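What follows is the residue order along each chain.
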Amino acid sequence: MRVEASRGGDTLHTRDILVADFVSAEGDTLTLAVNHHPSKFGGGDSNWRRRAALDALAGVADSVRRAGGRLIAMGDFNDTPDNPQYAAFCARTGLKSLALPLARAGQGTIRYEGRWELIDHFYVPEGAAAEMTVMKVPFLMTRDNVHAGDKPKRTFVGPRYAGGVSDHLPIALQFEL
């Protein structure tokens, strides 16, 4: 699904949302929406870009609900789940954030200026039996030489190959249908 955001006469084309439907033998549908929302890079007010992507995702959720299906939304939302726009998204769509309790407990998927931030989220239907885990495993980590502790081992640091996997830790979802 194509995502566009407009402000002040300018149109921003952002990353698409990958939408995949899985249908059981009984005809039940589970839709997965994989997101990579616009970044905060460059400073200034960039919240409107992520809000546009979130509005597009809410449209997907509305369509899935009207069709009688269930939606799981996941991905890099490039913001922490305590941003008020995510509470509004949950209220609109009937989905719940599995990332919010983990963020409140101090867990994160990236380190920014020495602090963990949880910008990778799962959203599942309200009432679903589901649990999110941040996969902080040793081979994905490296020592943080600027701030105390460790951080995800990146593939590249600038132009230099560092041999890691990502600057984000992976997240996992365990759920029952």
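As shown above, the structure is provided for reference.
Presented here is a report on the structure given in the accompanying data block.

Procedures and definitions
Residues numbered from 1 in each chain as written. Predicted model: local features only at pLDDT ≥ 70, side-chain atom pairs only at ≥ 80, totals over all residues. Heavy atoms only, no water. Helix = DSSP H or I, 4+ residues; strand = E, 2+ residues; numbered from the N terminus. Buried < 20%, exposed > 50% of the residue type's maximum accessible area, 1.4 Å probe, protein only. Pairing = 2+ DSSP bridges. Axes fitted to C-alpha atoms, helices over the stretch in contact; angles between N-to-C directions. Contact = heavy atoms within 4.5 Å. Phe/Tyr/Trp six-rings, centres within 6.5 Å; stacked < 30°, edge-to-face > 60°. Salt bridge = Lys/Arg side-chain N within 4 Å of Asp/Glu carboxyl O. Polar contact = N/O pair within 3.5 Å; in protein donor to acceptor, adjacent residues only side chain to side chain. Core = buried A, V, L, I, M, F, W, Y, C linked by side-chain atoms within 4.5 Å.

A positive phi angle, near 55°, is found at N78, a position not held by glycine. Inspection of the secondary structure puts N78 in the loop between β5 (70-76) and α2 (84-93). By relative accessible area, which is 12% here, N78 ends up buried.

What follows covers the sheet that holds strand β4 (residues 29-36). Spatially, β3-β4-β5-β9-β6 is the arrangement adopted by the five strands of the open sheet, whose pairing is mixed. Each edge of the open sheet is held by one strand with a lone partner, namely β3 (18-23) and β6 (95-97). Here the strands of the sheet are splayed against their neighbours by 20° on average, with no regard to which way each runs. For β3 and β4, the ladder comprises six bridges, and the chain directions are antiparallel. Residue L18 lies in a different strand from β4, and its bridge partner there is V34. Here helix α1 (residues 47-66) sits on the sheet in contact with β3, β4 and β5, set at roughly 160° to β5. Docked against the sheet, α2 engages β6 and β9 (120-125), running at close to 150° with respect to β6.

The next thing to look at is the packing of aromatic side chains. How two aromatic rings sit relative to each other is set out by the distance from centre to centre and by the angle between their planes. Considering all chains together, one arrives at five aromatic pairs under this definition. A centroid spacing of 6.1 Å and a plane angle of 85° characterise the contact between F77 and Y86, whose relative ring orientation is edge-to-face. Ring geometry for Y86 against Y123: centres 6.3 Å apart, planes inclined by 20°, an arrangement best described as stacked. Residue Y86 is located in helix α2, and its partner Y123 is located in strand β9; the two are separated by 37 residues in the primary sequence. One aromatic cluster is present, built from ring pairs that chain together F77, Y86, F89 and Y123.

With the rule as written, the count across this model stands at eight salt bridges. K136 serves as the salt-bridge partner of D150, at 3.8 Å between the closest nitrogen and oxygen. Residue D150 is located in strand β12 (residues 150-152), and its partner K136 is located in the loop between β10 (130-134) and β11 (141-143); the two are separated by 14 residues in the primary sequence. A cluster of three or more residues bridged by salt bridges with shared partners is formed by K40, R50 and D79.

Looking at the element boundaries, S97 is found in strand β6. Side-chain polar atoms of S97 contact the backbone nitrogen of A99, separated by 3.2 Å. Separated by 3.0 Å, the side chain of S97 and the backbone nitrogen of L100 make a polar contact. Among all residues touching S97, those that are not within four sequence positions of it are P81, C90, F122 and Y123.

Let us now look at the pairing of β4. Count of turn residues in the β3/β4 antiparallel hairpin: five residues, of which G27 carries a positive phi of about 95°. As paired elements, β4 and β5 share seven bridges and run parallel to each other. In the sheet register, V34 faces β5, and the bridge partner there is M74.

A few words on the nonpolar core. One finds A33, L54, L57, L71, F77, F89 and Y123 to be the most contacted residues of the largest nonpolar core, which totals 17 residues. When residues of this core are traced back to their parent elements, those giving at least two are α1, β5 and α2. Beyond its immediate stretch of four places on either side in the chain, F77 contacts N35, H37, R50, L54, L57, Y86, I119, H121 and Y123. By size, the runner-up hydrophobic cluster in this structure holds 14 residues, among which are L30, L102, L118 and M132.

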